[in-house]
Amino acid sequence: MEDIDWNAEFAELAVYALEAEKATAEMMQRKNSIEREHRERGRKLSEHERLRQLAVRLCRRAGAKGVNQSSFSDRTKNQLHNIIREAQAVVSRNAR
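Definitions and cut-offs
- Here the residue numbering is sequential within each chain, running from 1 through the sequence in written order.
- Since the coordinates come from a predicted model, pLDDT governs what is reported: local features require at least 70, and pairs of side-chain atoms require 80 or more to be given and counted, while whole-chain, interface and lining totals use all residues.
- Remark: hydrogens and water are excluded; side-chain values derive from all non-hydrogen atoms of the structure.
- Numbering goes from the N terminus for both helices and strands, where a helix is a DSSP run of H or I of at least four residues and a strand is a run of E of at least two.
- One less than the number of residues in a helix, times 1.5 Å, gives the span that helix is expected to have.
- Note on classification: 1.4 Å probe, protein chains only; a residue is buried when its accessible area is under 20% of the maximum for its type, exposed when over 50%, partly exposed between these limits.
- Regarding the arc, it is the one traced by the directions from the helix axis to the C-beta atoms.
- Two rings belonging to Phe, Tyr or Trp (six-membered ring only in the last case) form a pair when the distance between their centres is within 6.5 Å. Interplanar angles under 30 degrees mark stacking, angles over 60 mark edge-to-face geometry, and anything in between is tilted.

The end-to-end C-alpha separation of helix α2 (residues 77–95) is 27 Å, in line with the 27 Å expected for 19 residues at 1.5 Å each. Those residues of α2 that sit buried are Leu80, Ile83, Ile84, Ala87 and Val91. Along the axis of α2, the buried positions cluster into a sector of 100 degrees, meaning they face one direction only. For α2, the exposed residues lying more than 90 degrees away from the buried face are Asn78, Glu86 and Arg93.

Now for the environment of Met28. Structurally, Met28 can be placed in helix α1 (residues 6–61). Put simply, Met28 and Phe72 are 44 residues apart on the chain and 39 Å apart in space, counted from C-alpha to C-alpha.

Now for the packing of aromatic side chains. Inspection of every chain in the model, using the stated rule, returns one aromatic pair. With 6.2 Å between their ring centres and 35 degrees between their planes, Trp6 and Phe10 make a pair best called tilted. Linking Trp6 with Phe10, this pair stays in helix α1, spanning four residues, or about one helical turn. Here Trp6 falls in the exposed class, since its relative accessible area comes to 52%. Overall, the relative accessible area of 52% leaves Phe10 in the exposed class.

Interpretation note: all reported values are geometric properties and have no functional meaning in isolation.
Below, the structure is given as structure tokens:
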């Protein structure tokens, strides 16, 4: 009968367990970073959409005809901010 070195066997199992925990931690970290990237992209899209909607409302209130969401579909956020500022200025001038 063969003698089994239980200390060596448990040490080997401990090494495997440590490697598995490390791999699991790396996978969870990657998963969390991917989820964070998706959430950030979602926020950017919704903020862009919110700016487009605000620009449409303000331009209509300022008297622009034929303005709809597709009118601003290719605009950057900076351009949308500029459009919104200009429309707010026109609305405030018309209110006086």
